[in-house]
Amino acid sequence: MASPSTTVPRPTIHGGAPAFSERFRFIKPTLPDFQSVISAYQGFYAAGMITNGSLVQRLESAAAERLGVNDCVAVSSCTSGLMLLLRALRVTGEVILPSFTFFATGHAVNWNGLTPVFADCDPDTWTIDPDDVETRITERTTAIIAVHMYGNPCAVEALQAIATRHKLKLIFDSAHAFGSRRGGRPIGQFGDAEAFSLSPTKLLVAGEGGLVSTNDATLANSLRAGRNYGDPGSYDPDLIGLNARMPEFNAALALAGLAILDAKLARHNAIATRYTELLSSVRGLRFQKVAPADLCSYKDYSVCVDPGAAGITRDELASALLAENIETKKYFYPPMHLQKLYRGYHAGRPALPVTDSVSGSVLSLPIYESLSDETVEGVARAIQRLILYQAASDNHSPTHS
Ligand SMILES: *Cc1c(COP(=O)(O)O)cnc(C)c1O
């Protein structure tokens, strides 16, 4: 096949050399210095105190201070934190949540025997659309779970106004958002409670773990009982709990992780800025909008591909990038309302056109602290040349072979 343009280098799928000679990792967590983790942990290990000890308490205090809340409750994961929150808040009936999220958000609803009702997302921020939430409220609705998508803060004020007006509980799945800020305020301070994930793909890492932040002392006490089988200390549980405790080692890891969090946030933001600079002139790409006053953790950096303008679909771009040795992810596709466990809940309800469009076109690019500037630029240039090459071939006679 003749090259449609002498100025655009051939992408690998058209016979060119790959942008990278070897595949590199899509995600690689930067972990705190091992010695600092071990020196915090070894005394407890030597004393045989590997669970229910004071490292978890120390992590809870340090996180509460960082987030500016009265209480942080450490749990085994964000998923168990959300499960316990719904239980402790005595949520019943229907819970409104975005369809454009990781399915753990919905699983927490389902595990509690509640009915998930999916709301659409905003076309710019890709977080849950408060106006659409309000249209889906019924007399059975008792709670909203909103997700700070990729760390981009939700429209928390509008959501709180709706929750207050309709007397609903408001929970945030803040899995992506430790370190994010809404205006000057840390994510963690909003709603009845927020649940963070400390699993290795997130910025603050405990190995596995979660943190629930709240200013409600009664709720914090229920959660502390809830993570311990529901035992409030009387051996006569008030709620059906779990074993959702965080081990001491995980707390040591997360405590050391807090010390390097600001550096990670800065690096994620620098990479995101660079991607946007390099890609904003490429036709057919759309970017997530972060309000100027907000800080996004950029747990992920994602673009939406408009096939009409880009001349290539999201899936074609993803395969073409893989040929360049660049791994990408479709976070989050399919959306929850199209997944087999959940589509029944959505049947007969109003459509989710923005979710369908964003989820159907979104592509997450590699972003982590140790990714070099050269690699970031190489990824952006590979996307640029694929779309430019496509434009050049579209402008040439489609009959050439
Ligand atoms: C990762 C993630 C979770 C699950 O977190 P775990 O700590 O692994 O349970 C929940 N919600 C969202 C949006 C996530 O991305």
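This text follows the structure it describes.
Residues numbered from 1 in each chain as written. Predicted model: local features only at pLDDT ≥ 70, side-chain atom pairs only at ≥ 80, totals over all residues. Heavy atoms only, no water.

Chemist: Could you give me a rundown of the site of the ligand, with the residues and numbers involved?
Modeler: Lining the immediate environment of the ligand, one finds 14 residues, of which T79, D173, H176, S197 and K202 sit closest. One nitrogen or oxygen atom from the main chain of C78 is found 2.9 Å from an oxygen atom belonging to the ligand. In this structure, H176 approaches the ligand through a side-chain N or O atom, which is 2.5 Å from an oxygen atom. Protein contact buries 90% of the 380 Å² of open area that the ligand shows by itself. (Near = heavy atom within 4 Å. Polar contact = N/O pair within 3.5 Å; in protein donor to acceptor, adjacent residues only side chain to side chain. Areas by Shrake-Rupley, 256 points an atom, 1.4 Å probe, with all protein chains shown as cover.)

Chemist: Break down the sheet that holds strand β12 (residues 362-365) for me, citing the residues and quoting the values.
Modeler: Spatial strand order, β10-β11-β12: 3 strands in an open sheet with antiparallel pairing. Edge positions in the sheet fall to β10 (285-287) and β12, since each has one partner strand and no second. When strand polarity is set aside, the average angle formed by the axes of neighbouring strands in this sheet is 35 degrees. Across the sheet, helix α9 (residues 261-279) lies against β10, β11 (301-305) and β12, angled at about 25 degrees from β11, the strand it touches most. (Pairing = 2+ DSSP bridges. Helix = DSSP H or I, 4+ residues; strand = E, 2+ residues; numbered from the N terminus. Axes fitted to C-alpha atoms, helices over the stretch in contact; angles between N-to-C directions. Contact = heavy atoms within 4.5 Å.)

Chemist: Just give me the short version of the pairing of strand β4 (residues 141-147), but keep the residues and values in it.
Modeler: Of all the 7 residues making up β4, 7 are buried; the element is thus mostly covered by neighbouring parts of the structure. Sheet topology note: the β4/strand β5 (residues 169-173) ladder contains 5 bridges and is parallel. Opposite V147, over in β5, you have D173 as the bridge partner. Handedness of the β4-helix α6 (residues 156-165)-β5 crossover: right-handed. (Buried < 20%, exposed > 50% of the residue type's maximum accessible area, 1.4 Å probe, protein only. Right-handed = clockwise from strand over helix to strand, strands pointing away.)

Chemist: Can you break down the packing of aromatic side chains residue by residue, with the values?
Modeler: The full count for this structure, using the stated rule, is 16 aromatic pairs. Both rings, one in F102 and one in F103, keep their centres 4.5 Å apart while their planes meet at 35 degrees; by these two values the pair is tilted. Since its relative accessible area comes to 39%, F102 is described here as partly exposed. In this structure F103 comes out as partly exposed when scored by relative accessible area, which is 36%. Seen in terms of ring centroids, W126 and Y150 are 6.3 Å apart; in terms of plane orientation they differ by 85 degrees. Their pairing is edge-to-face. Of this pair, W126 sits in the loop between β3 (115-119) and α5 (130-135) while Y150 sits in the loop between β4 and α6, and the two are 24 residues apart along the sequence. Here Y150 falls in the buried class, since its relative accessible area comes to 0%. Ring-pair connections join several aromatic residues into one group, and the members of that group are F26, F100, F102, F103, W126, Y150, Y331 and F332. (Phe/Tyr/Trp six-rings, centres within 6.5 Å; stacked < 30°, edge-to-face > 60°.)

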